[in-house]
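Chain by chain, the residues:
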Amino acid sequence: MDKKQYGLSLSAILNLFVVGIVLAALLGGLWVFVSVFRHSVEQSALTSSEQAVVQASNAVRNYTVDMEGVMGTIEEFYGQETPERDRSLATLLRVRRDVVAITSYDEEGRMQDAWTGTYRLKKKILKNLSFPETDRPGPGTIGISEPHAETLLENYYPWVVSITKELEAPDGGKHMVVMDIRFSQIAGYVDGVGIGQHGYCFIMDGEGNVIYHPQQQLIYSGLKPEQTDILAGMGDGSVIRSDVIYTIRTLDNCGWRIVGISHIDELVTGRVRATMQILLVLICFVLATVFMGSYILSRTISRPIQGLVKAMQDFEANAKGFNYQPVHGSSEIRALSDSFGHMVVRLQDLMEKVRSEEITLRKTELKALQAQINPHFLYNTLDAISWLCEEERSRDAVEMVNALARLFRISISKGHELIPIEKEVQHAKSYLMIQNFRYKNQFTYSFDIEEAVLPCLCNKITLQPIIENAIYHGINRMVDEGRIDIRIFQEGEDIIFTVTDNGVGMSREQCSSILNSEPDSQNGIGIKNVNERIKIYFGDRYGLTIESEPDEGTSVEIRMPRIEEDGNEVR
């Protein structure tokens, strides 16, 4: 009798191993996810509750502030003559339908006037709930009462809030003016805020007395309790107690407190439970898929593809030094491997070529830009020095020689393209000193520089071409004295240079052509070249912006990134 062989195949063992690992990972991930998700949902519920309460409190506060503005309008009308005042207040009542009545009282609390619009004032008022018997607001302040029924009008008893302020009457006396506004406006803001399906907001005062509740009848009948005594002792913010989220925010202009009530079961537990059900179904589906897929992929695709993916990741991490080893497998995998190998070789060749061309281009452009020194400026400066010597103005000649030396020493800067802003400012000052001698004080100039930016780096010979353009094309054509203002300051992570002159200015088309024109003998290294150097070093978001109007002057703004002097120079 043949013996039966029992046991599992290597493929089955591998499948069970993969499925076991995946199952453990999924269960562990599920536990972590549910924990994090529950915490996230709780925080989201707290945030949602806070946002709802903030929305309600802002709406109520904005409305009360608006009513204070209406009281300010009443104050303007109250100082008018009686007929004009009455007409103005009557118009106000017609326009603002939320204002029920306006009344005024003398210092003893006797009613002096009443404006009720289309409603009729009672002939005999038994109890005036609108006028504050005590706690009247002081001069210049506004008082806001608790909601109460309007008791001044015949056959009309809306729920109102009274806003009180002491005003000066036309006869010079002090009157207490009271404006009754419909509380339904405020209640509407509170009713319109929902926190989940069963959450709500209500208003209470600082002592815990309920001012307005969307379920007010249940509260007054004792069918729905609210822990207002506990809430009164709580500060503003959110807290979770007994699976209920309480969110409180106090209005700063009337002492009312907006309270938001939401339920953990509704906002958190239900969402977590539904998410877990979906995840469990997905886990079952994933396990089945993994079991089926691992058997197939482990034999034909998985291993060679993993090798190819690893090769791609290595190439991505180190493209320059990557040495590709072909991946073996099915014919499709081998074809894909060969294609990837050819792509690697071509990309490495292209990267090396682009890098070489970029370095050559940058060096060539920088050398060309830095080599364009204006020979006319040097000739004219030396001619001016010679003239000063002939005039026996040796001190001025020495100053010009020193300024010229500083100018060229900073221009050379030991071959560095980036120099501290402090040296760039010295370069600009030396240039302006020379030009001021040459033009015989035809213009004045000033520097306004933040101390914090002086150690930062910038492209050398940045300010001089801009100043040169301002002198030659702006101030040199003027009859009156010219003015050049240079300002350097930090804006966010950038450094801003501005050069402003009061010269003849130019049109928008001329501004655009300057940045696109080729440099000439009159423009030195040229504004265009300054703009191109900055863009070569730092990118297209940096560079020059020119604003000018004919006969009003020109302003040039230069934007560079902030680079510390001890940082790495941009290459």
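Before reading further, recall that the structure is shown in the block above.
Residues numbered from 1 in each chain as written. Predicted model: local features only at pLDDT ≥ 70, side-chain atom pairs only at ≥ 80, totals over all residues. Heavy atoms only, no water.

Before going further, it helps to examine the nonpolar core. Core analysis: the biggest nonpolar cluster contains 50 residues, and Ile467 and Ile484 have the highest contact counts within it. When residues no more than four places from it in sequence are discounted, the contact partners of Ile484 are Leu432, Phe443, Thr444, Tyr445, Ser446, Ile467, Ala470, Ile471, Ile475, Val499, Thr500 and Asp501. Formed by 39 residues, the second largest nonpolar core is a distinct cluster that contains Val161, Ile163, Ala169 and Ala187. (Core = buried A, V, L, I, M, F, W, Y, C linked by side-chain atoms within 4.5 Å. Buried < 20%, exposed > 50% of the residue type's maximum accessible area, 1.4 Å probe, protein only. Contact = heavy atoms within 4.5 Å.)

In spatial order, the strands read S8-S7-S11-S10-S9; together these five strands make up an open sheet with antiparallel pairing. Sheet topology places strand S8 (210–212) and strand S9 (237–241) at the edges, where each strand pairs with a single neighbour. Strand-to-strand twist of the sheet, defined as the mean angle between neighbouring strand axes without regard to direction, takes the value 30°. Here five bridges tie S9 to strand S10 (residues 244–250), and the two strands are oriented antiparallel to one another. (Pairing = 2+ DSSP bridges. Helix = DSSP H or I, 4+ residues; strand = E, 2+ residues; numbered from the N terminus. Axes fitted to C-alpha atoms, helices over the stretch in contact; angles between N-to-C directions.)

It is worth spelling out the pairing of strand S1 (residues 99–105) at this point. Judged by how many residues are buried, S1 sits mostly within the fold: seven of seven residues are covered. Pairing between S1 and strand S6 (residues 174–182): six bridges, direction antiparallel. Paired with Thr103 across the bridge in S6 is Val178. In this sheet, strand S2 (residues 111–115) lies alongside S1 in antiparallel orientation, the contact comprising four bridges. In the strand pairing of S2, Thr103 is matched with Ala114. A loop of five residues connects S1 with S2, the two strands running antiparallel in sequence, and Gly109 in this loop sits at a positive phi of about 90°.

Right, let's get into empty space enclosed by the protein. For the coordinates displayed, the defined rule picks out two cavities of 30 Å³ or more. For the second largest cavity, the full set of lining residues is Leu93, Arg94, Arg96, Arg97, Val99, Val100, Thr116, Gly117, Thr118, Tyr119 and Arg182. Contributing elements (two or more residues each) for the lining of the second largest cavity: helix H2 (82–95) and S1. Within the lining of the second largest cavity, the residues separate by chemical class into four nonpolar, three polar and four charged. (1 Å grid on protein atoms, 1.4 Å probe; cavity = no way out; pocket = protein on both sides within 12 Å on 5 of 7 lines; lining within 4 Å. Points joined across faces, edges and corners; volume = space filled by probe spheres on them. Nonpolar A, V, L, I, M, F, W, Y, C, P; charged D, E, K, R; others polar.)

A few words now on unusual backbone geometry. Glycine aside, residues mostly have negative phi, and peptide bonds are mostly found in the trans state. Even without glycine at this site, Asn155 takes up a positive phi of about 55°. For Asn155, the position within the fold is in the loop between strand S4 (148–149) and strand S5 (159–168). A relative accessible area of 70% places Asn155 in the exposed class. Phi at Ile461 takes a positive value of approximately 55°, unusual for a residue other than glycine. Within the secondary structure, Ile461 sits in the loop between strand S14 (457–459) and helix H12 (463–475).

As a further point, take the sheet that holds strand S17 (residues 543–549). The sheet built from five strands is open, its strands ordered S13-S15-S16-S18-S17 with mixed pairing. Two strands in the sheet have a free side with no partner beyond their single neighbour: strand S13 (443–449) and S17. Averaged over all neighbouring strand pairs, the angle between strand axes comes to 15°, with direction disregarded. Sheet analysis places strand S15 (residues 482–491) next to strand S16 (residues 494–501), joined by eight bridges and oriented antiparallel. Its bridge partner lying in S16, Gln490 is registered against Ile495. This element, H12, spans S13, S15, S16, S17 and strand S18 (553–561) of the sheet and lies at about 150° to S15. Contacts between helix H14 (residues 527–538) and the sheet are confined to S17 and S18, with S17 contributing the most and set at about 145° to the helix.

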